[in-house]
Amino acid sequence: FPMMLTAYLLVAWSIWNLLAVWREYRVGFSGLLGKAIGPFGERLGQVMIVCLQCGTCLSYFIFVARNLVDVAARMGIVISLSNLCVAQLLVYIPLSLIRNI
């Protein structure tokens, strides 16, 4: 419990300070890093955001493929995880090109 409380207090303090800085500069996360560190900080923030988004998408991609393998196995169909990943690409890439819904 003391570790959870300490972690909560650190996160709450960090969020409070982040919001205080944001109220003054009104920029995004990479912009805040740019204000704090300079141009390198802004690029670092952009790279971190891209890595976070890629990791989230890959996790979702693998999660869906594993669930589809399980569903197919229950139906008596044997399909590999890599084949389902390729099949997802064939569906997701055209959908990602849609700009207006």
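Cut-offs and rules
Residues numbered from 1 in each chain as written. Predicted model: local features only at pLDDT ≥ 70, side-chain atom pairs only at ≥ 80, totals over all residues. Heavy atoms only, no water. Helix = DSSP H or I, 4+ residues; strand = E, 2+ residues; numbered from the N terminus. Rg over C-alpha atoms; globule rule 2.2 N^0.38 Å. Buried < 20%, exposed > 50% of the residue type's maximum accessible area, 1.4 Å probe, protein only. Contact = heavy atoms within 4.5 Å. Areas by Shrake-Rupley, 256 points an atom, 1.4 Å probe, with all protein chains shown as cover. Expected span 1.5 Å × (residues − 1). Patch = residues over 30% accessible without salt bridge, like charges linked within 9 Å, V, L, I, M, F, W, Y side chains within 5 Å. Salt bridge = Lys/Arg side-chain N within 4 Å of Asp/Glu carboxyl O. Disulfide = S-S within 2.5 Å. Axes fitted to C-alpha atoms, helices over the stretch in contact; angles between N-to-C directions. Parallel < 35°, antiparallel > 145°, perpendicular 65-115°, else oblique. Left-handed = near helix turned anticlockwise from the far one by under 90°. Nonpolar A, V, L, I, M, F, W, Y, C, P; charged D, E, K, R; others polar.

Engineer: Give a detailed account of the overall build of the chain, specifying residues and quantitative values.
Structural biologist: If you tally the helices and strands in the chain, you get four helices and zero strands. Taking 101 residues into account, the globule formula puts the C-alpha radius of gyration at 13 Å, and the chain, at 21 Å, lies well above it. Across its three principal directions, the C-alpha atoms of the chain cover 55 × 45 × 25 Å. Looking at the chain as a whole, 15% of its 101 residues qualify as buried. Once local pairs closer than 6 in sequence are excluded, the contacts in the chain between residues at least 24 apart make up 19%. Of the roughly 8600 Å² of accessible surface on the chain, 73% is carried by carbon and sulfur atoms.

Engineer: Outline helix α3 (residues 39-74), listing residues and values.
Structural biologist: Along an α-helix, a turn takes 3.6 residues, which lines up residues three or four apart on a common side. An ideal rise of 1.5 Å per residue puts 52 Å on 36 residues; α3 measures up with 53 Å between its terminal C-alpha atoms. Tucked inside the fold, the buried residues of α3 contact α2 (29-37) and α4 (81-96). One or two positions beyond α3, positive phi appears at Gly76, with a value near 85°.

Engineer: Which residues make up a nonpolar patch on the surface, and what are the values?
Structural biologist: On the surface, a nonpolar cluster with roughly 570 Å² of combined accessible area is contributed by Phe29, Ile37, Phe40, Leu44, Met48 and Ile49. At the level of elements, α2 and α3 are the ones that each hand at least two residues to the nonpolar patch. In terms of residue count, the dominant contributor to the nonpolar patch is α3 (four residues).

Engineer: Describe unusual backbone geometry, and please don't skip the residues or the numbers.
Structural biologist: Phi is positive for Arg26, close to 55°, though the residue is something other than glycine. Following the sequence through the fold, Arg26 ends up in the loop between α1 (2-25) and α2.

Engineer: So what's going on with the state of the cysteines? Which residues, and what values?
Structural biologist: Counted by the stated rule, this structure contains zero disulfides. Cys54 forms no disulfide, and the closest cysteine sulfur to it belongs to Cys51, at a distance of 6.6 Å. Accessibility expressed as a relative area gives 43% for Cys54, which makes it partly exposed.

Engineer: Tell me about the side chain of Ser30, and please be specific about residues and values.
Structural biologist: With respect to the secondary-structure elements, Ser30 resides in helix α2. A relative accessible area of 14% means that Ser30 is categorised as buried. In this view, Ser30 contacts Gly41, Glu42, Gly45, Gln46 and Ile49; residues no more than four positions away in its chain are not counted.

Engineer: I'd love a proper account of the packing of α3 against α4, names of residues and values included.
Structural biologist: Their axes nearest at 9 Å, the elements α3 and α4 cross at an angle of 120°. Relative to α4, the element α3 lies oblique. The element α3 and its partner α4 pack so that their crossing is right-handed. Across the interface between the two elements, Tyr60, Phe61, Val64, Ala65, Arg66, Leu68 and Val69 of α3 pack against Leu81, Leu84, Cys85, Gln88, Leu89 and Tyr92 of α4. Split into classes, the residues belonging to the contact of α3 with α4 amount to 11 nonpolar, one polar and one charged.

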